[in-house]
Amino acid sequence: MFITYQQTSEQSYLLNYGDQINIETNKKVIFHFKYIQNNKFKYIYNVVPSFNKLLIIYDIDFKKKVEGLINKLRLIDNQNEKKPSQYLIPICYDEEYALDYKKVEKAFSIDFNNFIKLHSSNTFHIFMLGFMPGLPFLGLLDIDKSLPRLESPRISIPKGSVGVVDKLTVIYPNKSSGGWNIVGRTNFKLFNRNTNKQILNPGDIVKFTCISKTEFIKNDK
């Protein structure tokens, strides 16, 4: 399943599943991530998935057990993987919220209306959750052209903003700084503050549906 692993501190190991960012590699990462989560090993403090790596943080007194777990993971595949949860998320692509639509048109050589059709018809896989609670990294958009990050990141991006870089999409769960190209906004709640839990999880499937500005304002409560 993973290719190599290395100790990155006295209390952590990093498992490497390959150099490529693709859905098949990420599914292997997520399968091991969920396996560790579901088994609730008391000596594992935290486990963090990324695109192609898995960080395991553990109780230093149980290093041998962690090494045994890592060796066991080599033999566990995702053949009996459960079907992922699926979500339909409404996005308003109105120019008021699509702050970088002109950059998208130029980089992708596409009219923004056609980009909306492309983006809202794509099926997205959640690779991981990012630098704030509930922020999903989704991919892969079916396009081969490059759309880099902004040269100067914005200091403030509104909550619910949808950003795109190359084939990846993120949704900002809260007001934040950031350098992604903003193409719309959603009022879908990504994080439940009452339970302190994210709604979406790595491995889930997301599709977007285009809504009007009127619909967005009506539901933005």
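Quick notes on the rules
Within every chain, residues take consecutive numbers counted from 1 along the sequence as written. Only residues with pLDDT of at least 70 are given local features in this predicted model, and only at 80 or more are side-chain atom pairs given and counted; all residues enter the totals for whole chains, interfaces and linings. Water and hydrogen atoms play no part in the side-chain values, which are based on all heavy atoms of the structure. When DSSP finds two or more bridges between a pair of strands, those strands are recorded as paired. Helix numbering and strand numbering both begin at the N terminus, where a helix is a DSSP run of H or I of at least 4 residues and a strand a DSSP run of E of at least 2. Only the contacting stretch of a helix is used when fitting its axis, a line to C-alpha atoms as for every element, and angles between N-to-C directions run 0 to 180 degrees. Salt bridge, as used here, is a side-chain nitrogen of Lys or Arg placed within 4 Å of a carboxyl oxygen of Asp or Glu. For the exposure calls, accessible area comes from a 1.4 Å probe over protein chains only, and a residue counts as buried if that area is under 20% of its type's maximum, exposed if over 50%, partly exposed in between. Each pair of aromatic rings taken from Phe, Tyr and Trp, with Trp reduced to its six-membered ring, is defined by centres within 6.5 Å and is described as stacked if the planes are under 30 degrees apart, edge-to-face if over 60, and tilted in the remaining cases. Between two residues, a contact is recorded if the distance between any of their heavy atoms is within 4.5 Å.

(A) Representation of the sheet that holds strand β2 (residues 12-16) within the structure. Within the open sheet, the four strands sit side by side as β1-β2-β4-β3. Their pairing is antiparallel. A strand with exactly one partner marks an edge of an open sheet, and here the two such strands are β1 (4-9) and β3 (44-49). Each strand of the sheet is rotated relative to its neighbour by a mean of 20 degrees, with strand direction disregarded. Strand direction decides the pairing type here: β3 and strand β4 (residues 53-58), joined by five bridges, are antiparallel. By the bridge assignment for β4, Val47 is matched with Ile56.

(B) Quick look at the pattern of salt bridges. Applying the stated criterion across every chain, the model contains four salt bridges. Its salt-bridge partner being Glu96, residue Lys213 comes within 2.3 Å of it at the nearest N-O pair. Of the two residues, Lys213 is situated in helix α5 (residues 213-219) and Glu96 in the loop between β5 (86-92) and α3 (101-108); the sequence distance between them amounts to 117 residues. With a relative accessible area of 31%, Lys213 lands in the partly exposed category. A salt bridge links Asp144 to Lys167; the shortest N-O distance between them is 3.4 Å. Of this pair, Asp144 sits in the loop between β7 (136-139) and β8 (154-157) while Lys167 sits in the loop between β9 (161-165) and β10 (168-171), placing them 23 residues apart in sequence. Accessibility expressed as a relative area gives 72% for Asp144, which makes it exposed. Residue class for Lys167 comes out partly exposed when judged on its relative accessible area of 31%. In this structure, a network of salt bridges that share partners links the residues Asp100, Lys103 and Arg154.

(C) Structural view of the packing of aromatic side chains. With the rule as written, the count across this model stands at 17 aromatic pairs. Taking 6.5 Å as the distance between ring centres and 70 degrees as the angle between the ring planes, the aromatic pair formed by Phe131 and Tyr172 counts as edge-to-face. Taken together, the residues Phe131 in the loop between β6 (123-129) and β7 and Tyr172 in the loop between β10 and β11 (176-178) connect sequence positions 41 residues apart. Taking the relative accessible area as the measure of exposure, Phe131 reaches 55% and is therefore exposed. Taken together, Phe2, Tyr5, Tyr13, Tyr17 and Tyr58 form an aromatic cluster joined through their ring pairs.

(D) Broad picture of unusual backbone geometry. Geometrically, the link from Gly139 to Leu140 is a cis peptide bond, its omega value of 0 degrees lying close to zero. As for its position among the elements, Leu140 is in the loop between β7 and β8. With a phi close to 50 degrees, Lys40 is a non-glycine residue in the positive phi region. Note on placement: Lys40 falls in the loop between α1 (23-39) and β3. Given the relative accessible area of 69%, Lys40 is considered exposed. Look at Ser109: it is not a glycine, yet its phi comes out positive at around 50 degrees. With respect to the secondary-structure elements, Ser109 resides in the loop between α3 and α4 (112-121).

(E) A look at the environment of Asp100. With respect to the secondary-structure elements, Asp100 resides in the loop between β5 and α3. Assessed through its relative accessible area of 1%, Asp100 is described here as buried. Taking the C-alpha atoms as reference points, Asp100 and Tyr35, 65 residues apart in sequence, are found 39 Å from one another. In this view, Asp100 contacts Leu150, Arg154, Trp180, Asn181 and Ile182; residues no more than four positions away in its chain are not counted.

(F) Looking closely at the side chain of Arg185. With respect to the helices and strands, the residue Arg185 is situated in strand β12 (residues 181-185). Those residues in contact with Arg185, other than ones at most four positions away along the chain, are Pro90, Ile91, Cys92, Tyr97, Pro158, Lys159, Gly160, Ser161, Val162 and Phe216.

(G) View of the environment of Asn52. In this fold, Asn52 is placed in the loop between β3 and β4. Sequence separation between Asn52 and Asn26 is 26 residues; the distance between their C-alpha atoms is 5.6 Å. Those residues in contact with Asn52 that lie beyond four places of it in its chain are Leu15, Asn16, Tyr17, Gly18, Asp19, Gln20, Thr25 and Val29.

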